[in-house]
Amino acid sequence: MTRVANSLETLLHQINARFPGRNIASDGGVGDAAHQAKGKASDHNPWYGPGIVTARDFTHDPTHGLNIQEIADQLLASRDPRIKYVIANGRIATNRDWQWAPYDGANPHDKHFHISVVADPRCDEAHPWNLPILGGGGGNGGGTEPGMFVTCGTGVNVRAEPRQDAPVVAVLAGPTRVRVGCQTLGGTVETAGRNNAAWSHLPDLGGYISNIFIDHPAAWLPDVGEC
Ligand SMILES: [Zn+2]
């Protein structure tokens, strides 16, 4: 099943939350006809791991506060290790030197900016992007952050509701650093002789995972409120 890398789903949630009502005319995730034209390789086509798309486009909409040059510059300044390259306003910068250089692709990317993330497990790291334009607040530069946990297991489903039969909204390919907003009692999940009825809400991914997949000895997480 094709899906977009979890780090880019987090970025989408953060941008949507920060700029309500923004124009999404030039947004894109999974490859559209233009990106797939002539069979050219594109990070918008699923190619990493089990059908993971490692790119997203976000529409330029300064009226609602989303200036693509501003956010692209801040992405480069963040040196976030999940970034592979960014394209905006006729220029491209990669994680090799984080410097803008002319982009000679057919689409100048002046109506949207493009971000590709690395094709390795880091692309599924779902912790928030720490950009001033998004209100900062993503991280404190080290130490133990409240509400941050690491998941365990592979192919862990993030679900729309705290039940095993609820729709899947994201998949955690492997251990992933996640922010838990609150927790609640839901469907009991059993694995490896243990069971747990608590579920954690992951606001950056817009869904819940069973606490059995949180790498913490307590079934009910300490210092996390009830939803
Ligand atoms: Zn693109």
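Predicted, not measured: the structure shown is a model, and the values here were computed from it. (Residues numbered from 1 in each chain as written. Predicted model: local features only at pLDDT ≥ 70, side-chain atom pairs only at ≥ 80, totals over all residues. Heavy atoms only, no water.)

Summed over all chains, the structure comprises 1 disulfide. Two residues, Cys-182 and Cys-227, share a disulfide whose sulfurs are 2.0 Å apart. In this structure, the disulfide formed by Cys-182 and Cys-227 twists by about 95° around the S-S bond and is classed as right-handed. Here the residue Cys-182 occupies a position in strand β12 (residues 182–191), and Cys-227 occupies one in the segment after β14 (207–210), the gap between them amounting to 45 residues. Relative accessible area serves as the criterion here: at 15%, Cys-182 is assigned to the buried category. Here Cys-123 is not cross-linked by a disulfide; its sulfur's nearest cysteine counterpart is in Cys-152, at 19 Å. This cysteine, Cys-152, is not joined by any disulfide, and Cys-227 carries the nearest cysteine sulfur, 19 Å off. (Disulfide = S-S within 2.5 Å. Helix = DSSP H or I, 4+ residues; strand = E, 2+ residues; numbered from the N terminus. Buried < 20%, exposed > 50% of the residue type's maximum accessible area, 1.4 Å probe, protein only.)

On to the pattern of salt bridges. In total, this model carries 8 salt bridges according to the counting rule given. The salt bridge involving Asp-120 is made with Arg-122; its shortest N-O contact spans 2.6 Å. Classification of Arg-122 as partly exposed rests on a relative accessible area of 34%. (Salt bridge = Lys/Arg side-chain N within 4 Å of Asp/Glu carboxyl O.)

The next subject is the sheet that holds strand β7 (residues 112–117). Each strand in a sheet pairs with its neighbour through backbone hydrogen bonds, running either in the same direction (parallel) or in the opposite one (antiparallel). On the basis of which strands lie adjacent, the open sheet formed by 5 strands has the order β3-β7-β4-β5-β6 and antiparallel pairing. Strands at the two margins of the open sheet, each flanked by one partner only, are β3 (55–59) and β6 (101–102). Across the face of the sheet, helix α1 (residues 6–18) comes into contact with β3 and β7 while running at roughly 15° to β3. Strands β3, β4 (83–88), β5 (91–94) and β7 of the sheet are contacted by helix α3 (residues 68–78), whose axis makes an angle of about 155° with β4. (Pairing = 2+ DSSP bridges. Contact = heavy atoms within 4.5 Å. Axes fitted to C-alpha atoms, helices over the stretch in contact; angles between N-to-C directions.)

Take the nonpolar core next. One finds Phe-113, Ile-115 and Trp-129 to be the most contacted residues of the largest nonpolar core, which totals 30 residues. Within the residue set of this core, elements represented by two or more residues are α1, β2 (52–53), α3, β4 and β7. If you tally residues by element for this core, the top one is α3, at 5 residues. Beyond its immediate stretch of four places on either side in the chain, Phe-113 contacts Arg-56, Asp-57, Phe-58, Ile-68, Ile-71, Leu-75, Val-86, Ile-87 and Ala-88. (Core = buried A, V, L, I, M, F, W, Y, C linked by side-chain atoms within 4.5 Å.)

Further remarks concern the domain arrangement of the protein chain. Accessible area lost when the parts come together is the quantity often used to give the size of an interface. Partitioning the protein chain into structural domains gives domain 1 (3–125) and domain 2 (148–213). Of note, the centres of domain 1 and domain 2, computed from C-alpha atoms alone, are 27 Å apart. On the side of domain 2, 9 residues touch domain 1, which itself brings 7 residues to the contact. Both faces considered, domain 1 and domain 2 share a buried interface measuring about 640 Å² in area, 54% of it formed by carbon and sulfur atoms. For the interface between domain 1 and domain 2, the tally reads 0 salt bridges. The tally of links between domain 1 and domain 2 comes to 2 residue pairs in polar contact (both at pLDDT 80 or more). When grouped by side-chain class, the residues that make up the side of domain 1 that touches domain 2 number no nonpolar, 3 polar and 4 charged. (Domains from an automatic or database assignment. Buried area = accessible area lost by both parts, 1.4 Å probe. Polar contact = N/O pair within 3.5 Å; in protein donor to acceptor, adjacent residues only side chain to side chain. Nonpolar A, V, L, I, M, F, W, Y, C, P; charged D, E, K, R; others polar.)

The next subject is the packing of aromatic side chains. Tallied over the entire structure, the rule returns 1 aromatic pair. Centroid distance Phe-58 to Phe-113: 5.5 Å. Interplanar angle 25°. Geometry classified as stacked. Of this pair, Phe-58 sits in strand β3 while Phe-113 sits in strand β7, placing them 55 residues apart in sequence. Here Phe-58 matches Phe-113 in class, with each residue buried. Above the face of the Trp-129 ring, Arg-82 is positioned so that its terminal group lies 4.0 Å from the ring centre. (Phe/Tyr/Trp six-rings, centres within 6.5 Å; stacked < 30°, edge-to-face > 60°. Lys NZ or Arg CZ within 6 Å of the ring centre and 35° of its normal.)

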